[in-house]
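Working through the structure, step by step
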Amino acid sequence: MAVFTSVSLDELSQWITQFDLGRARTIRGISSGIENTNFFITTDSGEYVLTVFEKLTFEQLPFYLNLMRHLADRGILVPAPIPNRDGAIINTLHGKPASIVTKLHGDCQLSPQPVHCAAVGAMLARMHLAARDFSMQQPNLRGIAWWNENAPIVMPYLSEANKQLLTTELAFQNAFAVSDTYRELQAGPIHADLFRNNVMFDGDRLTGFFDFYFAGCDTWLFDVAVTVNDWCIDLHTGRLDIARARAMLDAYHRERPFTAAEQQGWQTMLRAGALRFWLSRLYDFHLPREAEMLTPHDPAHFERILRLRIADVPPPLFDQNG
Ligand SMILES: Nc1ncnc2c1ncn2[C@@H]1O[C@H](COP(=O)(O)OP(=O)(O)OP(=O)(O)O)[C@@H](O)[C@H]1O
Ligand SMILES: N[C@@H](CCO)C(=O)O
């Protein structure tokens, strides 16, 4: 159950008059989210998603929603925020920020094949390129500053072996972040959480990326690493599936060629992508927020992935002789 704010059809009918969407016809709560209250709504002009933001504030939201609007305007498949008649894409419902966005068709693909990974890789590259001229700035709020701040908080809960792993990995990543190679990496707005449950497919056709609420400015390579670490692995072992990784990386490279510096930083960034989610899952597991209703994700999954990415040389980003 994740409908924190209830909205009736009558309330929606009244509220929606500020948009050019016609009359409201139906409203149905979506149960799967944990951060926001989402509804599928239909109006005279079609199907949409209404989101009431339960934690994000009016100050935090413009970066995410304007980025989605910017990408949608450039043909990237993402939910497009709908402005009201005054041009506002963030409005107020029950005293909370709320937005209407276009509905993506289809379902999440939770058992991806190479064809799905290729579609995600190509769209990710196109998204990075399309976001280059986005004018707002916000750092990745789950980036290296957050890791350094939160590692000491989770440290007391860890085994000796995991304390050692976290300490040495963080030191390794801090050293990389000030290296010449790192400085050469291309950066800009990234999704930063492009897991299988944040992409929609209609059959084998990708219909959109969504859930941009961890987006921020960081290296494009970090986004690729996070995405590969979820889409291109065996979920039981955490091992990379070479056919899926190859399909994703080749498709990305065709749209936006990887650079030599990115190849140099690739294994390190796969480790960074694993460290980021190991840490956030450790935090949510050991320090659950008050009244947290859902079972936290398993941190051990990303501990396993981190250990594997340290131990194994990954497939190259691209064929440097080709
Ligand atoms: N634009 C959209 N089009 C179609 N379905 C959507 C759209 N936005 C959200 N959904 C549906 O609503 C569900 C919850 O959305 P979302 O993941 O954004 O919520 P959340 O509260 O941020 O959840 P979490 O952080 O747990 O992923 C999605 O799994 C998806 O099924
Ligand atoms: N993708 C995150 C959840 C928050 O978006 C995780 O699997 O830990």
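Because the structure is a prediction, the values reported are computed rather than measured. (Residues numbered from 1 in each chain as written. Chains lettered and ligands numbered in written order. Predicted model: local features only at pLDDT ≥ 70, side-chain atom pairs only at ≥ 80, totals over all residues. Heavy atoms only, no water.)

Brief notes about the overall build of the protein
Assigned secondary structure in the protein consists of ten helices and nine strands. Its C-alpha atoms put the protein at 60 × 50 × 35 Å along the principal axes. Out of the 322 residues in the protein, the part that is buried amounts to 51%. Considering only contacts in the protein between residues 6 or more positions apart, those separated by 24 or more positions represent 74%. Accessible area for the protein stands at about 14,700 Å²; split by element, carbon and sulfur atoms hold 53% of it. Of the side-chain charges in the protein, 28 are positive and 36 negative, and the distance between the mean point of each set is 2 Å. (Helix = DSSP H or I, 4+ residues; strand = E, 2+ residues; numbered from the N terminus. Buried < 20%, exposed > 50% of the residue type's maximum accessible area, 1.4 Å probe, protein only. Contact = heavy atoms within 4.5 Å. Areas by Shrake-Rupley, 256 points an atom, 1.4 Å probe, with all protein chains shown as cover. Lys, Arg positive; Asp, Glu negative; His and termini not counted. Charge placed at Lys NZ, Arg CZ, Asp CG, Glu CD.)

Things to note about the site of ligand 2
As a structural note, the neighbourhood of ligand 2 is formed by Asp193, Phe195, Phe214, Phe277, Arg281 and His297. With respect to ligand 2, the side chain of Asp193 contributes an N or O atom lying 2.5 Å from an oxygen atom. Side-chain polar atom of Arg281 to an oxygen atom of ligand 2: 2.7 Å apart, as the coordinates give it. A total of 260 Å² of accessible area belongs to ligand 2 in isolation, and the protein chains cover 79% of it. (Near = heavy atom within 4 Å. Polar contact = N/O pair within 3.5 Å; in protein donor to acceptor, adjacent residues only side chain to side chain.)

As for the domain arrangement of the protein
With domains assigned, the protein is organised as domain 1 (9-102) and domain 2 (114-311). Contact with domain 1, which involves 23 residues of that partner, is made by 25 residues of domain 2. For the pair domain 1 and domain 2, the summed buried surface comes to about 2,000 Å²; carbon and sulfur atoms form 72% of the total. For the domain 1 face of the interface with domain 2, the top three residues by lost area are Phe63, Tyr64 and Leu77, together amounting to 33%. In this assembly, domain 1 and domain 2 are joined by one salt bridge. The closest approach of N and O atoms between Arg74 and Asp133, which form a salt bridge, is 3.6 Å. At the junction of domain 1 with domain 2, the criterion picks out five residue pairs in polar contact (both at pLDDT 80 or more). Considering each element in turn, the side of domain 1 that touches domain 2 owes the most residues, ten residues, to helix α2 (residues 61-73). (Domains from an automatic or database assignment. Buried area = accessible area lost by both parts, 1.4 Å probe. Salt bridge = Lys/Arg side-chain N within 4 Å of Asp/Glu carboxyl O.)

Some words on the site of ligand 1
As a structural note, the neighbourhood of ligand 1 is formed by 17 residues, with Ile34, Glu35, Asn36, Leu104 and Asp211 the closest of them. Residue Asn36 places a main-chain N or O atom 3.0 Å away from an oxygen atom belonging to ligand 1. Interatomic distance of 2.8 Å between a backbone N/O atom of Leu104 and a nitrogen atom of ligand 1. The protein chains hide 85% of the 610 Å² of surface that ligand 1 would expose on its own. If you list the elements that add at least two residues to the shell around ligand 1, you get β2 (36-43) and β5 (96-102). When residues of the shell around ligand 1 are assigned to their parent elements, the largest contribution, three residues, is made by β2.

As for the environment of Met123
Along the chain, the position of Met123 falls in helix α3 (residues 114-130). Distance in space between the C-alpha atoms of Met123 and Ile76 is 7.2 Å, their sequence separation being 47 residues.

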